[in-house]
Amino acid sequence: MTEQVDLDPSLETILHLICDGVIEEKYEFSDHPSPSEPINPGCDRGGKYRDTRMVPLEKRKRKTSSRLIDCPFEIVGRNKPKGFWKVDIKNLAHNHEPSRDMSGHPYCRQFSKEEIMKIKEMSKAGVTPRQILSSLRQSNSDIHTTFRSIYNEKQRIMKENLAGHTVIQALLEELGQAGFIYNIEYDQNGRLTHLMFAHPLSIALTKSYMNVFVMDCTYKTNKYKMPLLDIVGVTSFNTSFYSCFVFMQKEEEEDYVWALTMFSKMLGVEAYPLVIIIDRELALMNAINIVFPKTANILCVAY
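Residues numbered from 1 in each chain as written. Predicted model: local features only at pLDDT ≥ 70, side-chain atom pairs only at ≥ 80, totals over all residues. Heavy atoms only, no water.

**Notes on the pattern of salt bridges**
Rule in force here: Basic side-chain nitrogens of Lys or Arg form a salt bridge, by our definition, when they fall within 4 Å of a carboxyl oxygen of Asp or Glu. Secondary structure counts use DSSP, requiring at least four H or I residues in a row for a helix and at least two E residues in a row for a strand, with both numbered from the N terminus. The cut-offs for exposure are 20% and 50% of the maximum accessible area for each residue type, with area from a 1.4 Å probe on protein chains only; residues under the lower value are buried, those over the upper are exposed, and the others partly exposed.
According to the stated counting rule, one finds three salt bridges in the structure shown. Lys120 is the partner of Glu160 in a salt bridge, and the nearest nitrogen-oxygen pair spans 3.3 Å. Of this pair, Glu160 sits in helix α4 (residues 147-162) while Lys120 sits in helix α2 (residues 113-124), placing them 40 residues apart in sequence. Under the relative-accessibility criterion, Glu160 is labelled partly exposed at 42%. Between Arg156 and Glu160 there is a salt bridge, and its shortest N-O distance comes to 3.2 Å. Within this pair, Arg156 and its partner Glu160 are both found in helix α4, separated by four residues, close to a single helical turn. With relative accessibility at 37%, the residue Arg156 sits in the partly exposed group.

Below you can see the structure in the form of structure tokens.
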């Protein structure tokens, strides 16, 4: 049975009144837009799932489900003359139990503007999503967000910062703006295979202390699974400094030859290290003999 109530507050007030009444009963609503009605709030579990991709379930890589179960709850608000609103309560019944955990509703997981700014600042500082969520909960104990919401917001912020550029384009632009010197190489398909970069201060230290360098690759440092070659120099004061970094496609001899060739160009004409300390990486040992034949190759005792 339809019930009609006349109200004269603003649209925002009406929505808050409806929202408060729904949330108290552990339900959540969403505003289903309708071309003939100004507002049309309904349960966020209303409606039916529409498969727009037309991909059979057995062929999908991800197993997903829908929260939509055609819940009949619906309220219609009509704008009347002189600023009045007419609320038409069509159906207050739900075909599901009240929610025990409000974090299951997308509306409840939304962030305020202040929370979004806090996520931006903490993400820029390198704070992990777990720590971000903990900080948000300390500021607001009633927050219903989840780890996935934090990851999604970080992804949205990153996409916004890219401003239509690819990740590689944004990286190269960032390196250029920060004054880094870099060299890149692509394959025949236009994919980046090698990237060497160094800070001007690191280059100055490298040219001042080019006698001893330590080289080693680190793993699992990026989602592209590209080995990162760290080249570390040693000063006459028995301290170390980062000389340069090289992302490589693989750890084969030709990859190390490219990396050491770029490193040789950074040292200057006819300049070469006296000693290079490495682990027992045969491909790197062969590359050193090719690019720096006069350099002594010493194995680290830790390996």
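**Focus on helix α3 (residues 129-139)**
Applied cut-off: Starting at the helix axis, one direction is taken to each C-beta atom, and the arc is that of these directions. Throughout, a residue-residue contact means that at least one pair of heavy atoms, one from each residue, lies within 4.5 Å.
Those residues of α3 lying buried are Pro129, Ile132, Leu133, Ser135 and Leu136. The buried residues of α3 all sit within an arc of 160° when viewed along its axis, so they share a single face. Within α3, the exposed residues directed more than 90 degrees away from the buried face are Arg130 and Gln138. Looking at the buried positions of α3, the neighbouring elements they touch are α2 and α4.

**Observations regarding the packing of α2 against α3**
Which entries qualify depends on this criterion: As a rule, the C-alpha atoms of each element are fitted with a line to give its axis, helices using only the stretch in contact, and angles between N-to-C directions run from 0 to 180 degrees. Each crossing gets its hand from how the near helix is turned against the far one by less than a right angle, where anticlockwise is left-handed and clockwise is right-handed. Each residue receives one of three labels: charged for Asp, Glu, Lys and Arg, nonpolar for Ala, Val, Leu, Ile, Met, Phe, Trp, Tyr, Cys and Pro, and polar for the others, Gly being one of them.
The geometry of α2 relative to α3 is characterised by a closest axis approach of 10 Å and an angle of 145° between their N-to-C directions. Here α2 and α3 pass one another in a crossing that is right-handed. Taken together, the residues of α3 that come into contact with α2 (itself represented by Glu115, Lys118, Ile119, Met122 and Ser123) are Gln131, Ile132, Ser135, Leu136 and Ser139. In terms of residue class, the contact of α2 with α3 is built from four nonpolar, four polar and two charged.

**Describing a negative patch on the surface**
Short version of the rule: Distance thresholds for patches are 9 Å for like charges and 5 Å for nonpolar side chains (Val, Leu, Ile, Met, Phe, Trp, Tyr), applied to residues having over 30% relative accessible area and no salt bridge. Only the protein chains shown count as cover for residues, and all accessible areas are computed by the Shrake-Rupley method using a 1.4 Å probe. Only four residue types enter the charge count: Lys and Arg as positive, Asp and Glu as negative, with His and the chain ends excluded. All charge positions are set by atom: Lys at NZ, Arg at CZ, Asp at CG, Glu at CD.
Judged by side-chain charge, Glu185, Glu252, Glu253 and Glu254 come together as a negatively charged surface patch. Take Glu252: it is sitting in the loop between β10 (240-247) and α7 (253-267).

**Here's the deal with the pairing of strand β7 (residues 192-198)**
The line we're drawing: We treat two strands as partners when DSSP finds at least two bridges between them.
Of all seven residues that make up β7, six are buried, and the element is covered over most of its length. Pairing analysis gives six bridges linking strand β6 (residues 181-186) to β7, with the strands arranged antiparallel. Residue pairing across strands places Ile181 opposite Ala198, the latter belonging to β7. The turn joining β6 and β7, which pair antiparallel and follow one another in sequence, is formed by five residues; a positive phi near 85° is taken by Gly190. With three bridges joining them, β7 and β10 adopt antiparallel strand pairing. For Met196, the partnering residue across the bridge sits in β10 and is Val246.

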